[in-house]
Amino acid sequence: MSVTVSTTRSRKPKNFPLYRTLPGFARDPLKELERISRAANGEIVRLDLGIVRPLLVTRPEHLQIVLRERSDDYARDGIFWRPLDDLMGIGVLGGTSESWATSRRVLQPVFTARNVRALTGRLADTINEAVDELDAAAQAGRPVQASREMARIVNQTVVRIFFGGKIGPAEIGKLDPAFEAVIASLAFRVLLPFMPETLMPRGRSYRAGIRAIDEVMYGLVERYRDDPGEDLDIFTALCRARSAEGSGLTDKWVRDNLVGMYAAGTETTATALSWLWPLLCHHPDVAERLYEEIDRVVGGDRVRPEHLEGLTYTKQVVQELLRLYPVGWQFPRVAVRSGNIDGFPVKKGQTLLISPYLTHHLESVWDRPHEFDPDRFAPERASGRHRYAYFPFGGGPHQCVGNHLFHIEAQLIAASVLSRYRPEPVGPVPSRPGMGRTLRLEHELEMRLVPVGERK
Ligand code: HEM
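Residues numbered from 1 in each chain as written. Predicted model: local features only at pLDDT ≥ 70, side-chain atom pairs only at ≥ 80, totals over all residues. Heavy atoms only, no water.

Quick look at the sheet that holds strand S1 (residues 14-16)
In sheet architecture, strand pairing relies on hydrogen bonds along the backbone and comes in two forms, parallel and antiparallel.
Here is step 1: Overall, mixed pairing links the six strands, which are arranged S1-S2-S3-S9-S6-S4 in an open sheet. If you trace the sheet from one side to the other, it starts and ends with S1 and strand S4 (74-75), each paired once.
Here is step 2: Two strands pair when backbone bridges link them, and strand S6 (residues 333-335) and strand S9 (residues 351-354) are joined in this way by two bridges, in the antiparallel orientation. Within S9, the residue paired with Val334 across the bridge is Thr351.
Here is step 3: Relative to the sheet, helix H2 (residues 29-40) contacts S1, strand S2 (45-47), strand S3 (55-57) and S9, its axis offset from that of S2 by approximately 155 degrees. (Pairing = 2+ DSSP bridges. Helix = DSSP H or I, 4+ residues; strand = E, 2+ residues; numbered from the N terminus. Contact = heavy atoms within 4.5 Å. Axes fitted to C-alpha atoms, helices over the stretch in contact; angles between N-to-C directions.)

Quick notes on the side chain of Thr271
Here is step 1: By the secondary structure assignment, Thr271 is in helix H13 (residues 251-274).
Here is step 2: The residues touching Thr271, leaving out its near neighbours within four places in the chain, are Val327, Thr438, Leu439 and Arg440.

What to know about the packing of aromatic side chains
Here is step 1: Here the structure, examined in full by the defined rule, presents 12 aromatic pairs.
Here is step 2: Arranged with centres 4.8 Å apart and planes meeting at 55 degrees, the rings of Phe377 and Tyr390 form a pair that is tilted. Residue Phe377 is found in the loop between helix H17 (356-360) and helix H18 (379-382), and its partner Tyr390 is found in the loop between H18 and helix H19 (403-418); the two are separated by 13 residues along the sequence. Here Phe377 and Tyr390 have matching classes, each one buried.
Here is step 3: An aromatic cluster is present here, built from Phe162, Phe163, Phe179, Tyr224, Phe235 and Tyr262 joined pairwise through their rings.
Here is step 4: Taking NZ or CZ as reference, Arg323 lies 5.1 Å from the ring centre of Trp366, over its face.
Here is step 5: Seen from the ring of Tyr388, Arg387 lies directly overhead, with NZ or CZ sitting 4.4 Å from the centre. (Phe/Tyr/Trp six-rings, centres within 6.5 Å; stacked < 30°, edge-to-face > 60°. Buried < 20%, exposed > 50% of the residue type's maximum accessible area, 1.4 Å probe, protein only. Lys NZ or Arg CZ within 6 Å of the ring centre and 35° of its normal.)

Structural notes on the site of the ligand
Here is step 1: Surrounding the ligand, one finds 28 residues, the nearest of these being Arg76, Arg104, Arg333, His398 and Cys400.
Here is step 2: Here an oxygen atom of the ligand sits 2.7 Å away from a polar atom, N or O, in the side chain of His398.
Here is step 3: Mapped onto the shell around the ligand, the elements with two or more residues apiece are helix H5 (97-110), H13 and H19.
Here is step 4: Sorting elements by how many residues they give to the shell around the ligand places H13 first, with six residues. (Near = heavy atom within 4 Å. Polar contact = N/O pair within 3.5 Å; in protein donor to acceptor, adjacent residues only side chain to side chain.)

Considering the nonpolar core
Soluble globular proteins tend to pack their nonpolar side chains together in the buried interior.
Here is step 1: Among the nonpolar cores identified, the biggest contains 119 residues, and Leu87, Phe162, Phe163, Phe179, Ile213 and Trp277 are the most heavily contacted of them.
Here is step 2: Listed in part, the 17 residues of the second largest apolar core include Ile44, Ile65, Leu67 and Val346. (Core = buried A, V, L, I, M, F, W, Y, C linked by side-chain atoms within 4.5 Å.)

Some details on the pattern of salt bridges
Here is step 1: Summed over the entire model, instances satisfying the criterion amount to 34 salt bridges.
Here is step 2: For Arg11, the salt bridge goes to Asp342, with nearest N and O atoms at 3.2 Å. Remark: Asp342 occurs in the loop between strand S7 (339-341) and strand S8 (344-346) and Arg11 occurs in the segment before S1; sequence separation between them is 331 residues.
Here is step 3: When its relative accessible area of 19% is taken as the criterion, Arg11 is described as buried.
Here is step 4: Here Asp342 falls in the buried class, since its relative accessible area comes to 0%.
Here is step 5: Between Arg240 and Glu230 there is a salt bridge; the shortest N-O distance is 3.8 Å. Taken together, the residues span a long stretch of sequence, with Arg240 in helix H12 (residues 234-240) and Glu230 in the loop between helix H11 (203-224) and H12 at a distance of 10 residues.
Here is step 6: Salt bridges sharing common partners tie together Asp367, Arg368, Glu371, Asp373 and Arg381. (Salt bridge = Lys/Arg side-chain N within 4 Å of Asp/Glu carboxyl O.)

In structure tokens:
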């Protein structure tokens, strides 16, 4: 679809009033947003949600303006982001635009494709070890839970590449439940931004979680800050970072960035990978092609960095999975000044709802958008697509720094598990996402992992 974006003609956004949308939002908020997005068909529309009246922006040409071309006019701020302030502090996911810029300047080079490749050997070893722990259940024919196992494997992996050997089991044991408690309560904070702190659901476990995270993180900073060594882990890179003037950055800065990246990198990756299993159960044809590739490339080996190059269909499956279920499904912006997008007026202070989930499901942008078809990402079909037709990792100055890391992790985890086991569902297989801060499975998937070779 090619669209001319005008800055002169004036257009009025269609309004979706609360009395029309409320019943739908009460039944299934995500479905209601999908309905509105379909009705808007790429035009900018206004949602009247009572206390906020965001503009819904879904067309790739408009997204390019908001996220990249005029990103200074549309800030990552507002009631959807403020609940994260306590947790993220002055790191890359919080603070002011100046503190963000310092963090971004330091972090971007740490996560380049080249640097991430240097971590791939360590990633593969940690993933293989975490996948070994599935063997007892697989041999006994005992079902496992897809999301829970993905979270375990991803957490073990992220801890290793973030902290190398610097963190001990007791600290890890403290960190995991603390993040779980904080993330569970963030959903309430995002949905109830006006609720006083004392009445906030799960407020006590949230505060206890933050205290536990601080104890572990500041403890690590104290032990290693002055002598972090030469290891390739992310914590070492943060300890060695210098400001633009050449001085070291504060302990709080190191803590806030570690926390921000840990929070941004674990739940998203684990949730995305939990979608692999229901998709394979629902699409046996895709599953067979994937198994064929993994058997051919990895076979009976333990997965290694050298296998990545041959795992091209695996990569397409992961890309298409993130098209259907972009787990960071919405990330709003707030207009810093009044202006217009393609003739639609935008007032200073107005919230803009940006959602890869909605854009990825637009019929004007994607052919058969609800079908799972990894061949969309075959190189010959992907060329010519608008940059913002597919944006699970955002775009512009705030584009996700974990993009390469996610892809390598995802391919290695899929290949490590599937070179050894085939999933067989036990009970219902989820097909709709549940709406929260990320796009999770609507319910857990119980599956048996049948050792390769034992399959009928
Ligand atoms: C499936 C996996 C992931 C998804 C879908 C995802 C999605 C996103 C999205 C949509 C944004 C942009 C937010 C915005 O513009 O407002 C973002 C930013 C970010 N992501 Fe990710 N992410 C993933 C994995 C990771 C990983 C593994 C890391 C780090 C280890 C990471 C670190 C970050 C950081 C630090 C930012 C903020 C960048 C900035 O504001 O400059 N993400 N991510």
